Amino acid sequence: VVRWNASKLSLVLAATRADGSLQAIQRVRLGRDGRKADDGQPAKLSRGPQDGAMVRLPGDPAGPLLVAEGPETGLSVWRATGHETWVALGSMAKIELPTDRRVVICADDDPRRAAKGKPANAAKMLRAAVAGWRGAGVDLVVAYPWAIRRGDKSDFNDTMQAEGIEAVRARIEAALHPE
């Protein structure tokens, strides 16, 4: 589900339906340093309907399921934990989650409030989605990249770069096993 296209310096991700059929792809253009391309062109290019499709990274189906928005977060939490991870290429709010296992929503650290005091759209959508999933019987917890929220739109890849893979693992474990 994840491939490297050396000729285009791009990471290519395949999003599938629950039955395994391909529904969408996303190409993430990178620079020679491995960071997202920053040349004025869009770094991400998606094709196909993203709603309900996931990039499904393998792990123990008896363990927790990690759910992330975007490949940077998804690959970071998967690498840190080895847990099965679903990566949404668009909003996580439209994902149908299983009710037969623990789910960890690996959220970006989006601002809780917009500049004028109104709820920020991403945070508001995530809160509504979490309420809906819980109402549907999903056993879930939400993990954020930092122990103290920053509201700076950072993600678990930022945590990995700043503090290392152990810090990412610790944030997921803290959500799974709060004190």
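Throughout, a residue's number is its position along its own chain's written sequence, starting from 1. Restriction of local features to residues with pLDDT of at least 70 applies here, the model being predicted, together with a cutoff of 80 or more for giving and counting side-chain atom pairs; totals for whole chains, interfaces and linings are based on all residues. As a rule here, side-chain values come from all non-hydrogen atoms in the structure, and water together with hydrogens is ignored.

Q: Is there a simple way to explain the pairing of strand β8 (residues 102–106) in this structure?
A: Regular strands place side chains that alternate from one sheet face to the opposite one. A simple rule labels every residue: compare its accessible area, found with a 1.4 Å probe on the protein chains alone, to the largest value its type can have, and call it buried under 20%, exposed over 50%, or partly exposed in between. In this text, helices come from DSSP runs of H or I with a minimum length of four residues, and strands from runs of E with a minimum of two, each type numbered from the N-terminal end. Among the 5 residues in β8, 4 count as buried, and that is most of the element. DSSP-based pairing: two strands are paired if at least 2 bridges between them are found. Relative to β8, strand β6 (residues 65–69) runs parallel, the two being bridged by 4 bridges. Within β8, the position partnered with Ala 68 by the bridge is Cys 106.

Q: Would you explain the pattern of salt bridges in this entry?
A: The salt bridge definition used is simple: a Lys or Arg side-chain nitrogen within 4 Å of an Asp or Glu carboxyl oxygen. Summed over all chains, the structure comprises 8 salt bridges. Here Arg 149 and Asp 109 are joined by a salt bridge, their closest N and O atoms 2.8 Å apart. Here Arg 149, found in the loop between β9 (139–143) and α3 (156–163), pairs with Asp 109, found in the loop between β8 and α2 (121–135); they are 40 residues apart in sequence, far enough to count as distant. Take Arg 149: its relative accessible area is 25%, and that puts it in the partly exposed class. Residue classification places Asp 109 among the buried positions, given a relative accessible area of 0%. Through salt bridges that share partners, Lys 36, Lys 44 and Glu 72 make up one connected network.

Q: How should the layout of surface pockets be read in this particular structure?
A: Empty space among the atoms can be located by rolling a probe the size of a water molecule over them. For cavity detection a 1 Å grid was placed over the protein atoms alone, and a set of points counts as a cavity when a 1.4 Å probe fits there but cannot get out; an open set counts as a pocket when protein lies on both sides within 12 Å along at least five of seven lines, with lining residues being those that have an atom within 4 Å of a point. Grid points are joined across faces, edges and corners, and a volume is the space filled by probe spheres set on the points. Within this model, the largest pocket holds a volume of roughly 470 Å³. As for the largest pocket, its lining consists of 16 residues, and the residues nearest its centre are Gly 34, Glu 72, Ser 76, Asn 157 and Gln 161. Residue assignment for the lining of the largest pocket shows that the elements contributing at least two residues are α1 (71–81) and α3. Looking at which element gives the most residues to the lining of the largest pocket, the answer is α1, with 5 residues. The calculated volume of the second largest pocket comes to roughly 260 Å³. In terms of lining, the second largest pocket is formed by 17 residues, of which the most central are Ala 122, Ala 123, Met 125, Leu 126 and Arg 127. Sorting elements by how many residues they give to the lining of the second largest pocket places α2 first, with 6 residues. In this classification, Asp, Glu, Lys and Arg are treated as charged, Ala, Val, Leu, Ile, Met, Phe, Trp, Tyr, Cys and Pro as nonpolar, and every other residue, Gly included, as polar. Considering only residue class, the lining of the second largest pocket consists of 10 nonpolar, 1 polar and 6 charged.

Q: Would you mind going over a positive patch on the surface with me for this structure?
A: Taken together, Arg 112, Arg 113, Lys 124 and Arg 127 make up a surface patch of like positive charges. Considering the arrangement of structural elements, one finds Arg 113 in the loop between β8 and α2. Exposure above 30% relative accessible area and the lack of any salt bridge qualify a residue for a patch; like charges then connect within 9 Å, and the nonpolar side chains Val, Leu, Ile, Met, Phe, Trp and Tyr within 5 Å. In this description, accessible areas are obtained by the Shrake-Rupley approach with a 1.4 Å probe, and a residue is regarded as covered only by the protein chains that are shown. Charge convention: Lys and Arg are scored as positive, Asp and Glu as negative, and His as well as the terminal groups of each chain are ignored. Charged side chains are reduced to one point each, which is NZ for Lys, CZ for Arg, CG for Asp and CD for Glu.

Q: In this structure, what is going on with the environment of Ser 7? I would like to understand it.
A: Note on placement: Ser 7 falls in the loop between β1 (2–5) and β2 (10–16). The class for Ser 7 is exposed, based on a relative accessible area of 70%. A distance of 2.8 Å separates a polar atom in the side chain of Ser 7 from a polar atom in the side chain of Asn 5. Any N or O atom pair separated by 3.5 Å or less is treated as a polar contact, with the protein-specific requirement of one donor-capable and one acceptor-capable atom, and with residues adjacent in sequence counted only for side-chain atom pairs.

Q: Looking at this structure, how should I read the nonpolar core?
A: The nonpolar side chains of a soluble globular protein tend to be buried, and buried together. Membership of the largest hydrophobic core comes to 17 residues, with the highest contact counts inside it found for Val 67, Ile 95, Leu 97, Ile 105 and Trp 133. Mapped by element, the contributors of at least two residues to this core are β6, β7 (85–88), β8 and α2. Looking at which element gives the most residues to this core, the answer is α2, with 4 residues. Two residues form a contact once any of their heavy atoms are found within 4.5 Å. Residues in contact with Val 67, not counting those within four places in the same chain, are Trp 86, Met 92, Ile 95, Leu 97, Val 103, Val 104, Ile 105 and Cys 106. We call a set of buried Ala, Val, Leu, Ile, Met, Phe, Trp, Tyr and Cys residues a nonpolar core when their side-chain atoms join them within 4.5 Å. Residues Leu 66, Phe 156, Ala 175 and Leu 176 belong to the second largest nonpolar core, which totals 13 residues.

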